[in-house]
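Observations on the model geometry
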Amino acid sequence: SQIGGWQVNASKVELCNRLLLGNSCPPASLQTAGALVFTGGLHLSSNSTNFGGLSALLLSYSGSDLLAVSDRAWLLVGKLEWKQVGEELSVDGLTDVRMGPLLGLHSRPLDSSGGSKEWSDSESLAVSDTSHPLDGQIFVSFERKHRVWQYPFGAEGFGAIPSSVQGLDAGNSLIGQCENNGGAEAMESLGDEGLMVFCEYPVEGAWKRVYGHPEEVGVGIGWLVKDGSSRSFSYLQRGRLGLVALSKVPSVGADPAASGHLGFLILERFWSRETGNIIRIRFLSKFSLTSAIEQGCVLQASLVAELNTSQHYVDNFEGLSVVPGVWAGEENLLVALVSDDNFNSKSQRTLLYTFRLPLTALQPSRCLDPLELEEIEDSTSLHVSEVAFVVVFMLVGVPGVVVTLCVTVFVYCGTLHRPDRSATLLRVFRGEPRFERMKANEGDLSERV
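The following refers to the structure shown. Model, not experiment: these values are computed from the prediction. (Residues numbered from 1 in each chain as written. Predicted model: local features only at pLDDT ≥ 70, side-chain atom pairs only at ≥ 80, totals over all residues. Heavy atoms only, no water.)

1. Considering unusual backbone geometry
The test is simple: Only runs of H or I of at least four residues qualify as helices and only runs of E of at least two qualify as strands under DSSP, and these elements are numbered from the N terminus.
The phi dihedral of Arg-144 is positive, around 75°, even though this residue is not glycine. Among the secondary structure elements, Arg-144 is positioned in the loop between strand S10 (138–142) and strand S11 (147–151). Its identity as a non-glycine residue notwithstanding, Asn-342 has a phi of 55°, on the positive side. On the secondary structure map, Asn-342 appears in the loop between strand S24 (332–339) and strand S25 (350–358).

See below:
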């Protein structure tokens, strides 16, 4: 799609990482990740210096209109093209692309391409009309200078002048609880119920290494905000994955917009040089959210899928949108992801992926008692000392076995508090009184991740 001297190019890509897996990758039409069925992928590129950095994504319920925002405060709209491939609808291209800078309260562009991102680090989108996202109000969250602004895009287009959202305005102590570069990256509009907002990382989030478990856990925070008043809730975060996107799971039917929603899909992301990109999609039921708000329990969303560099052709996914399954099949949802290339197209990519998600694959989320977090059974995992015993025996024979036995006894004596070697004891501590010590009933955290 070419507009005003610049163009957006779209080339087809597949989910499986053929660079690592080669011929063991199945055909693109058979590629999956967890409960997600891959239906198509595009690598988007442009000769415009303002293209890239896409940190949020919204699709219309028809699947045709696309709305995205970059973390330099630029808005992008376009039309998605689809192609029937077997029984699936596959994304085939992006056309009619238009881009423009978001304006500030004084009608000047917030664009930070030439300077500081303090006021222009836009990270999340929500809309007043999910059926027709370009026709109503657009809510944009910013980090660093944490705030949420509302734009009358339907009436004023790219020239829309924002207004502050009461309770989420700059300097507000609420989203001031988010880290400077870990602000309100996950946001969704609930219509008359207000805005649902998560911190990517809370300032006071205490991450603790879990003994015998490969990850760390922490407690994140979120709010339901309406007319300046707010109700808070807590969310269990694992493996230092931050919450970067949130999208309603619409009810299926002739008019999903009028039928309410079943809950939310949540996008979590982590990157390090050692692990590469780790992307997880989780489901949070509406019932669990209500329990967390009213009872003070800690939300634990169920795992839908994990994408990682070792298996999948992935990048820094930050945008998530869910479309009802009327056109994708009555009992299915369309899930779309977009990645943020950090305006570094030489080493990163802007990827747009689409998946089919059967509703039957969604597992219930849970709400954990914040006072009791006990043992987690994982009897299928070998203890580290058992693995070491086998490895050392294979390498150095009997002398190595003696050393390993000594180490094993030392490790075991240090963990006699565990009633079973295969049990994992989780403890999470927070600075706030209600999170000083958190335990969960047995089995509450048994989900393998």
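2. Looking at the pairing of strand S18 (residues 242–250)
Heads up, the condition is: Buried residues are those whose accessible area, probed at 1.4 Å on protein chains only, stays under 20% of the maximum for their type, while exposed residues exceed 50% and partly exposed ones sit between those limits. Should DSSP find at least two bridges between two strands, the strands are regarded as paired.
Most of S18 is tucked away: nine of the nine residues are buried. Bridge analysis of S18 against strand S19 (residues 261–272) gives eight bridges, and the strand direction is antiparallel. Paired with Leu-246 across the strands is Ile-266, a residue of S19.

3. A closer look at the side chain of Arg-280
Just so we agree on the cut-off: Here a polar contact is taken to be a pair of N or O atoms separated by no more than 3.5 Å, where protein atoms must pair a possible hydrogen donor with a possible acceptor and residues adjacent in sequence count only if both atoms sit in side chains.
Tracing the backbone through its elements, the reader meets Arg-280 in strand S20 (residues 276–285). Classification of Arg-280 as buried rests on a relative accessible area of 3%. Of note is the side chain of Arg-280, whose polar atom sits 2.8 Å from the side chain of Glu-306.

4. Here's the deal with the state of the cysteines
Note the cut-off: Cysteine sulfur atoms are paired as a disulfide whenever they fall within 2.5 Å.
In total, this model carries three disulfides according to the counting rule given. Note on cysteine connectivity: Cys-297 is disulfide-linked to Cys-367, with sulfurs 1.9 Å apart. Looking down the S-S bond of the Cys-297 and Cys-367 bridge, the torsion is 95°, so its handedness is right-handed. In this pair, Cys-297 is assigned in the loop between helix H3 (286–295) and strand S21 (298–300) and Cys-367 in strand S26 (residues 366–368), connecting sequence segments 70 residues apart. Given the relative accessible area of 7%, Cys-297 is considered buried. Residue classification places Cys-367 among the partly exposed residues on the basis of a relative accessible area of 25%. Here the protein pairs its bonded cysteines, counted in sequence order, in the arrangement 1-2, 3-4, 5-6.

5. Brief notes about the sheet that holds strand S12 (residues 163–164)
Spatially, S9-S10-S11-S12 is the arrangement adopted by the four strands of the open sheet, whose pairing is antiparallel. At either end of the open sheet lies a strand with only one pairing partner, and these are strand S9 (122–127) and S12. Where S9 meets S10, five bridges bridge the pair, whose relative direction is antiparallel. If you follow Ser-124 over to S10, its bridge partner there is Ser-141.

6. Brief notes about the sheet that holds strand S6 (residues 65–70)
The pairing of strands in a sheet happens through backbone hydrogen bonds and is either parallel or antiparallel. What counts, and what does not: Angular values range over 0 to 180 degrees, each being the angle between N-to-C directions of two axes fitted as lines to C-alpha atoms, with helices fitted over their stretch in contact.
Strand order in the open sheet formed by four strands is S5-S6-S7-S8, and the pairing between neighbours is antiparallel. The open sheet has two edge strands, strand S5 (54–59) and strand S8 (88–101), and neither has a second partner. Neighbour to neighbour, the strand axes of the sheet diverge by 25° on average, direction disregarded. As paired elements, strand S7 (residues 74–85) and S8 share eleven bridges and run antiparallel to each other. In the strand pairing of S8, Val-77 is matched with Arg-98.

7. With respect to the nonpolar core
As a reminder, the rule being used: Among buried residues, the Ala, Val, Leu, Ile, Met, Phe, Trp, Tyr and Cys ones that are joined through side-chain atoms within 4.5 Å form a nonpolar core. Throughout, a residue-residue contact means that at least one pair of heavy atoms, one from each residue, lies within 4.5 Å.
Of all hydrophobic cores here, the largest spans 30 residues; its most connected members are Leu-265, Leu-267, Val-304, Phe-355 and Leu-357. Put simply, the parts of the chain that give this core at least two residues each are strand S4 (36–46), S18, S19, S20, strand S22 (302–308), strand S23 (317–323), S24 and S25. For this core, the element with the most residues is S25, which contributes four residues. Not counting residues up to four positions away in its chain, the partners in contact with Leu-357 are Ala-35, Leu-36, Leu-265, Val-304, Glu-331, Asn-332, Leu-333, Val-335 and Leu-362.

8. Some points on the environment of Ser-310
With respect to the element layout, Ser-310 can be found in the loop between S22 and S23. Taking relative accessible area as the criterion, Ser-310 reaches 45% and is therefore assigned partly exposed. Taking the C-alpha atoms as reference, Ser-310 lies 8.2 Å from Gly-276; in sequence the two are 34 residues apart. With near-sequence residues (within four places) excluded, Ser-310 lies in contact with Leu-20 and Leu-21. A polar side-chain atom of Ser-310 sits 2.5 Å from a polar atom in the side chain of Asn-308.

9. What to know about a nonpolar patch on the surface
Cut-off, in case you're wondering: Think of a patch as exposed residues, more than 30% relative accessible area, with no salt bridge, where like charges cluster within 9 Å and nonpolar side chains (Val, Leu, Ile, Met, Phe, Trp, Tyr) cluster within 5 Å. Per-residue accessibility takes into account occlusion by the displayed protein chains alone, with areas from the Shrake-Rupley method and a 1.4 Å probe. One side-chain nitrogen of Lys or Arg within 4 Å of one carboxyl oxygen of Asp or Glu is enough to make a salt bridge.
A surface patch of nonpolar side chains, about 350 Å² in accessible area, is lined by Leu-19, Leu-20 and Leu-21. Relative to the elements of secondary structure, Leu-19 occurs in helix H1 (residues 18–21). In this structure Leu-19 comes out as exposed when scored by relative accessible area, which is 80%.

10. Things to note about the packing of aromatic side chains
For clarity, the cut-off: Centres within 6.5 Å make a pair out of two Phe, Tyr or Trp rings, where for Trp the six-membered ring is used; the pair is then stacked when the planes are under 30 degrees apart, edge-to-face when over 60, and tilted otherwise. In this scheme, Lys NZ or Arg CZ marks a charge over a ring once it lies within 6 Å of the ring centre and within 35 degrees of the ring normal.
Applying the stated criterion across every chain, the model contains eight aromatic pairs. Their ring planes at 70° and their centres at 5.5 Å tell us that Phe-198 and Tyr-235 sit as a pair that is edge-to-face. In this pair, Phe-198 is assigned in strand S14 (residues 195–198) and Tyr-235 in strand S17 (residues 229–238), connecting sequence segments 37 residues apart. This pair shows no difference in class: Phe-198 is buried, exactly as Tyr-235 is. Through pairs of rings, three or more aromatic residues link up here, namely Phe-38, Phe-317, Tyr-353 and Phe-355. Taking the ring centre of Tyr-313 as reference, the NZ or CZ of Arg-349 above it sits at 4.2 Å.

11. Thoughts on the pattern of salt bridges
Where charged atoms of side chains with opposite charge meet at close range, the side chains can pair. Enumeration over the complete set of coordinates arrives at 13 salt bridges. The partner of Lys-79 in a salt bridge is Asp-65, and the shortest N-O contact between them spans 2.5 Å. Of the two residues, Lys-79 is situated in strand S7 and Asp-65 in strand S6; the sequence distance between them amounts to 14 residues. Judged by relative accessible area, which is 15%, Asp-65 ranks as buried.

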